[in-house]
Amino acid sequence: MSAALDASLKGLMKQTLTVATPTTSTSLSLYGVKEFSTGASTYSCRYTAKNGSVRLDFDQSLSYTGIVWVASTGLTVQDKVTLPNGSNHAPVVRVDTLADEYGNTHHQVLYMGK
């Protein structure tokens, strides 16, 4: 269940993230390149260019070059995103879906790779 985003958190999301979803999970062009929908969705977000790492299971870590807090709950690592600075070369390497105090999901954090 998705909940409304708190106004104070929404107020921090003054940038826009553009997202194109894959046409299917296995759709590739004749050249082996993943195909994405021609229509893109936009979401309010806050982007920070920041190098870091996040711990995964089994003592592994994942490096990232930026973090995006986005007012959405349906994004995946397969999506193609265009960051607020116009960059669309960084892949989404991890998506965390966060919940409010009642357990309702209301926003996501995207970790951008190299």
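Residues numbered from 1 in each chain as written. Predicted model: local features only at pLDDT ≥ 70, side-chain atom pairs only at ≥ 80, totals over all residues. Heavy atoms only, no water.

S.K.: Could you clarify how one ought to interpret the overall build of the chain in this entry?
M.R.: Scanning the chain from N- to C-terminus turns up 1 helix and 6 strands. The helix and strand sequence of the chain, counted from the amino end, reads α-β-β-β-β-β-β. Here the analysis covers contacts within the chain between residues at least 6 apart in sequence; of these, 55% occur between residues at least 24 apart. Within the structure as shown, the chain displays about 7200 Å² of accessible surface, and the carbon and sulfur contribution to it stands at 51%. (Helix = DSSP H or I, 4+ residues; strand = E, 2+ residues; numbered from the N terminus. Contact = heavy atoms within 4.5 Å. Areas by Shrake-Rupley, 256 points an atom, 1.4 Å probe, with all protein chains shown as cover.)

S.K.: So what exactly am I meant to see when it comes to the environment of T48 here?
M.R.: Turning to its location among the elements, T48 is positioned in strand β2 (residues 41-55). Spatially, the C-alpha atoms of T48 and P84 are 9.7 Å apart, while their sequence positions differ by 36 residues. Discounting residues that sit within four places of it in the chain, T48 has contacts with G66, I67 and W69.

S.K.: Sorry, what's going on with the pattern of salt bridges here?
M.R.: Pairing between side chains becomes possible if they bear opposite charge and their charged atoms approach one another. Applying the stated criterion to the full structure yields 2 salt bridges. The shortest N-O distance in the salt bridge between D59 and R55 comes to 3.9 Å. Comparing D59 with R55 shows no difference in burial state: the two are exposed. D96 serves as the salt-bridge partner of R94, at 2.8 Å between the closest nitrogen and oxygen. According to the relative accessible area criterion, R94 is partly exposed, its value standing at 22%. (Salt bridge = Lys/Arg side-chain N within 4 Å of Asp/Glu carboxyl O. Buried < 20%, exposed > 50% of the residue type's maximum accessible area, 1.4 Å probe, protein only.)

S.K.: Would you mind showing me how to read the sheet that holds β2 here?
M.R.: Backbone-to-backbone hydrogen bonds join strands into a sheet, with any given pair of strands oriented parallel or antiparallel. Taking strand neighbours across the sheet as the criterion, the 6 strands line up as β4-β1-β2-β3-β6-β5 in an open arrangement whose pairing is antiparallel. Each end of this open sheet is capped by a strand with a single partner; those strands are β4 (80-82) and β5 (92-99). For this sheet the average axis-to-axis angle between neighbouring strands, irrespective of direction, equals 40 degrees. With 7 bridges connecting them, β5 and strand β6 (residues 105-112) associate as antiparallel partners. Note that in β6 the partner of A99 across the bridge is T105. (Pairing = 2+ DSSP bridges. Axes fitted to C-alpha atoms, helices over the stretch in contact; angles between N-to-C directions.)

S.K.: Mind showing me how you'd approach the side chain of D96 here?
M.R.: Among the structural elements, D96 can be located in strand β5. At 2.8 Å, the side chain of D96 and the side chain of R94 are in polar contact. Not counting residues within four places of it along the chain, the set of residues in contact with D96 comprises H107, Q108, V109 and Y111. (Polar contact = N/O pair within 3.5 Å; in protein donor to acceptor, adjacent residues only side chain to side chain.)

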